[in-house]
Amino acid sequence: MKELFDHGFMEEHVKLCHFRNYYELTRKNLMVKNLKRIRKQTEREQGKLEAQAYDFYPTTYELPSEYHIFVEEFKKNPGIVWIMKPIAKSQGKGIFLFRKLKDITDWKKGEYQREPDPNKEIPETYVVQRYIENPYLIGGRKFDIRVYVLVMSYVPLKVWLYRGGFARFSNTRFSLNSIDDAYVHLTNVAIQKTAPDYDPEKGCKWSLQQLRKYLMARHGIELVRKMLNMIDDIFIKSLHSVQKVMINDKHCFEMYGYDILLDKNLKPWLIEVNASPSLTASSKEDYDLKYGLLDDVLNVIDLENRLTGKEKHIGGFDLIWDDGPVMADEGNMDCMSSAAFTSNSFLGCHCDRKRQLKQLYKTLQSAKKT
């Protein structure tokens, strides 16, 4: 890809599904570095209260470079659980939990001496995060939420949010007594499907629509609305954190897969952002979701130049940011709790995307004729 950007010539119609330095948001250590930087900038310019709006990711350090800082924090909070993740792997590879520093001895291999031996192998770069010990549980099981966010431009920032998505459940009931059990703590489908009692017919996913209905039945519309607004805020603030460092290009777009975890207080936490979210289907419902998602990405990209550029809804995508927040149109509410909404975000709401697209292109065709 670097060769293409440096030496290739792209015709006007060509689109690439990655910005040149897309990894600024999707590599775990760089994501946290950028979020920490914008938080400090916000605190310096607007005060500590405003900076607290960026407290949506767990305490995180990069290892080995921040090992000594991490050890100081570790000693301040004895007994809590930490989670180690390689910075550039996916599907749960290389992740493990620990409570004691000696548990990472095999990983560090003595590389934290002030004058490390150049003949020793340097350990792989990891991030270590404070583990969220109080996740929201359904049926006693932990889950996280996969949400799809489409960025068409960073300058100006233009962001589309897909209504569909899913919650990924662990196959085993949650407990902190077994921190070595990946089936308890990691929700990645690649891991859960290897569990001895995994049922491929039932799977381990709920649609976002199912999750939204469940949460509203348990906690009411107002609390769920507040939670969803906080999730929207995570999308926009995380994208703003890399807006100034991202190399913008009119030929590029990015479809991110955000992973969000809810704690028992319905506070959303940003776990990671995926640059190439898996499009492998694990069920008929999963296939329909991802087929519709890809189809609607192409509709938003608009290679055939059928759109006006003023659309707020295209298939299952809703425009939530266009160099500023996008407000919902009156009379265009199609979500059971939409009366409480002002932003053009309908995460987890029903959408008949085929009917919406048919109506959209019909209206555009009529407008061209007149």
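Explain the overall build of the chain here, please?
Per the secondary structure count, the chain includes 12 helices and 12 strands. Across the 370 residues of the chain, 49% fall into the buried class. Sequence separation of at least 24 residues holds for 68% of the intrachain contacts in the chain that already meet a minimum separation of 6. Accessible surface, the chain as shown: approximately 19400 Å² in total, 51% of it carbon and sulfur.

I would appreciate a short explanation of the nonpolar core in the present structure.
One broad rule of soluble globular proteins: the nonpolar side chains tend to lie buried together. One finds Leu-25, Phe-143, Tyr-154, Leu-239, Tyr-256, Tyr-258 and Leu-270 to be the most contacted residues of the largest nonpolar core, which totals 53 residues. Of all the elements in the fold, those that place two or more residues in this core are helix 3 (28-46), strand 6 (141-154), strand 7 (157-169), helix 9 (208-219), helix 10 (221-243), strand 9 (254-262), strand 10 (268-274) and strand 12 (317-322). Per-element accounting of this core gives the leading share, 9 residues, to helix 10. In this structure Tyr-154 touches Phe-19, Leu-25, Leu-239, Val-242, Gln-243, Met-246, Asn-248 and Tyr-256, once residues within four positions along its chain are discounted.

What exactly am I supposed to notice about the pairing of strand 12 here?
Every other side chain in a regular strand lies on the same face of the sheet, so the side chains alternate between the two faces. When you tally the buried positions in strand 12, you get 5 out of 6 residues, the bulk of the element. Both strand 7 and strand 12 contribute to a ladder of 5 bridges, which runs antiparallel. In the sheet register, Val-159 faces strand 12, and the bridge partner there is Trp-321. Pairing between strand 11 (residues 313-314) and strand 12: 2 bridges, direction antiparallel. Bridge pairing links His-313 to Asp-318 in strand 12.

What is the right way to look at the packing of aromatic side chains in this model?
Two numbers describe a pair of aromatic rings. These are the distance of the centres and the angle of the planes. Across all of its chains, the model carries 22 aromatic pairs by this definition. Aromatic pair Tyr-61 and Phe-70: ring centres 6.2 Å apart, planes at 50 degrees, arrangement tilted. The pair Tyr-61 / Phe-70 is uniform in exposure class, with both members buried. Here Tyr-148 and Phe-166 contribute two aromatic rings whose centre-to-centre distance is 6.4 Å and whose plane-to-plane angle is 65 degrees, an arrangement assigned as edge-to-face. Linking Tyr-148 in strand 6 with Phe-166 in strand 7, this pair joins segments that are 18 residues apart in sequence. By way of ring pairs, the aromatic residues Tyr-61, Tyr-67, Phe-70, Phe-74, Trp-82, Phe-96, Phe-98 and Tyr-126 are connected into one cluster.

Can you walk me through unusual backbone geometry in this structure?
Backbone phi values are negative for most residues with the exception of glycine, while trans is the configuration of most peptide bonds. Following Leu-63, the chain continues to Pro-64 via a peptide bond in cis, the omega torsion being 10 degrees. Cis geometry marks the peptide bond from Val-155 to Pro-156; its omega dihedral reads -5 degrees. With phi around 60 degrees, Asp-323 is a residue other than glycine that occupies positive phi space. By the secondary structure assignment, Asp-323 is in the loop between strand 12 and helix 12 (353-369).

Where do I start with the environment of Asp-197 in this structure?
Here Asp-197 shows up in the loop between helix 8 (189-192) and strand 8 (205-207). Asp-197 sits in the exposed class, given a relative accessible area of 54%. Considering only alpha carbons, one finds Asp-197 and Asn-171, 26 residues apart in sequence, at a separation of 8.0 Å.

Explain the packing of helix 11 (residues 284-301) against helix 12 here, please?
The axes of two packed helices give the description: the angle between them and the distance between them. Where helix 11 meets helix 12, the axes come as close as 12 Å, and the angle between the chain directions of the two elements is 20 degrees. Of the possible angle classes, the one that applies to helix 11 and helix 12 is roughly parallel. Like other packed secondary-structure pairs, helix 11 and helix 12 cross with a definite hand, here left-handed. Where helix 11 approaches helix 12, its residues Gly-292, Asp-295, Asp-296 and Asn-299 are matched on the opposing element by Arg-353, Leu-357 and Tyr-361. Considered class by class, the residues forming the contact of helix 11 with helix 12 number 2 nonpolar, 2 polar and 3 charged.

Looking at this structure, how should I read the confidence of the model for the chain?
Caution is warranted with low-pLDDT regions, since their predicted coordinates should not be read in detail. In the predicted model, the chain carries a mean pLDDT of 89, and the fraction of residues at 70 or more is 89%. Segment residues 110-117: pLDDT under 50, and 13 contacts once partners within four positions in sequence are set aside and those in other chains are kept.

Help me out: how do you make sense of helix 3 in this one?
The periodicity of an α-helix, 3.6 residues per turn, causes residues three or four positions apart to be oriented the same way. For helix 3, which comprises 19 residues, the first-to-last C-alpha distance of 27 Å matches the rise-based estimate of 27 Å (1.5 Å per residue) to within 8%. Among the residues making up helix 3, those that are buried are Lys-28, Asn-29, Leu-30, Met-31, Val-32, Asn-34, Leu-35, Ile-38 and Thr-42. Just downstream of helix 3 lies Gly-47, where phi reads positive at about 105 degrees.

Teacher, can you tell me more about the sheet that holds strand 1 (residues 60-63) here?
Adjacent strands of a sheet pair through backbone hydrogen bonds, lying either parallel or antiparallel. If you walk across this open sheet you meet the 4 strands as 1-4-2-3, and the pairing is antiparallel. Strands at the two margins of the open sheet, each flanked by one partner only, are strand 1 and strand 3 (96-98). Put simply, the sheet's adjacent strands are angled 25 degrees from each other on average, direction ignored. Where strand 1 lies against strand 4 (residues 126-130), 4 bridges are found, and the strand directions are antiparallel. Looking at strand 4, one finds that Thr-60 is bridged to Gln-129. Sheet strands in contact with helix 3 are strand 1, strand 2 (82-86) and strand 4, and its direction is about 130 degrees off that of strand 1. Against the sheet, helix 5 (residues 67-76) engages strand 1, strand 2, strand 3 and strand 4, with an angle of about 140 degrees to strand 1.

What should I look at first to understand the pattern of salt bridges in this one?
Side chains bearing opposite charge may pair, as long as their charged atoms lie close to each other. Scanning the model with the defined rule gives 20 salt bridges in all. Here Lys-205 ties to Asp-286 by a salt bridge, and the two come within 2.8 Å at their closest N and O atoms. Highlighted residues: Lys-205 in strand 8 and Asp-286 in helix 11, separated in sequence by 81 residues. In this structure Asp-286 comes out as buried when scored by relative accessible area, which is 4%. Between Arg-353 and Asp-296 there is a salt bridge, with its nearest N and O atoms 2.8 Å apart. Of the two residues, Arg-353 is situated in helix 12 and Asp-296 in helix 11; the sequence distance between them amounts to 57 residues. Side by side, Arg-353 and Asp-296 carry an identical accessibility label, which is buried. In the salt-bridge network here, residues are joined through shared partners; they are Asp-144, Arg-146, Arg-168 and Asp-259.

Thresholds, definitions, all that
Think of each chain on its own: its residues are numbered from 1, step by step along the sequence as written. Local features are withheld for residues below a pLDDT of 70 in this predicted model, meaning they are given only at 70 or higher, and side-chain atom pairs are given and counted only at 80 or more; totals for whole chains, interfaces and linings count all residues. The basis for the side-chain values is all heavy atoms of the structure; hydrogens and waters are excluded. Numbering goes from the N terminus for both helices and strands, where a helix is a DSSP run of H or I of at least four residues and a strand is a run of E of at least two. Exposure classes here rest on a 1.4 Å probe applied to the protein chains alone. A residue is buried below 20% of its type maximum, exposed above 50%, and partly exposed in between. We call two residues contacting when some pair of their heavy atoms lies within 4.5 Å. Note on areas: Shrake-Rupley, 1.4 Å probe, and residue coverage restricted to the protein chains presented here. Among buried residues, those of type Ala, Val, Leu, Ile, Met, Phe, Trp, Tyr and Cys that are joined through side-chain atoms within 4.5 Å constitute a nonpolar core. Here, a strand pair is defined by DSSP locating no fewer than two bridges between the strands. Two aromatic rings, drawn from Phe, Tyr or Trp (for Trp, its six-membered ring), form a pair once their centres lie within 6.5 Å of each other, and the interplanar angle then sorts them: stacked below 30 degrees, edge-to-face above 60, tilted otherwise. Fitted lines through C-alpha atoms give the axes, limited to the stretch in contact for helices. The angle between two N-to-C directions lies from 0 to 180 degrees. If an angle is under 35 degrees, it is roughly parallel; if it is over 145, roughly antiparallel; if it lies from 65 to 115, roughly perpendicular; otherwise it is oblique. Crossing handedness is defined as follows: a turn of the near helix away from the far one that is anticlockwise and smaller than a right angle gives a left-handed crossing, while the clockwise case is right-handed. Basically, the charged four are Asp, Glu, Lys and Arg, the nonpolar ten are Ala, Val, Leu, Ile, Met, Phe, Trp, Tyr, Cys and Pro, and anything else, Gly included, counts as polar. Residue-level confidence of the predictor is what pLDDT reports, using numbers from 0 through 100. One fewer than the residue count of a helix, multiplied by 1.5 Å, yields its expected span. The term salt bridge refers to a side-chain nitrogen of Lys or Arg lying within 4 Å of a carboxyl oxygen of Asp or Glu.

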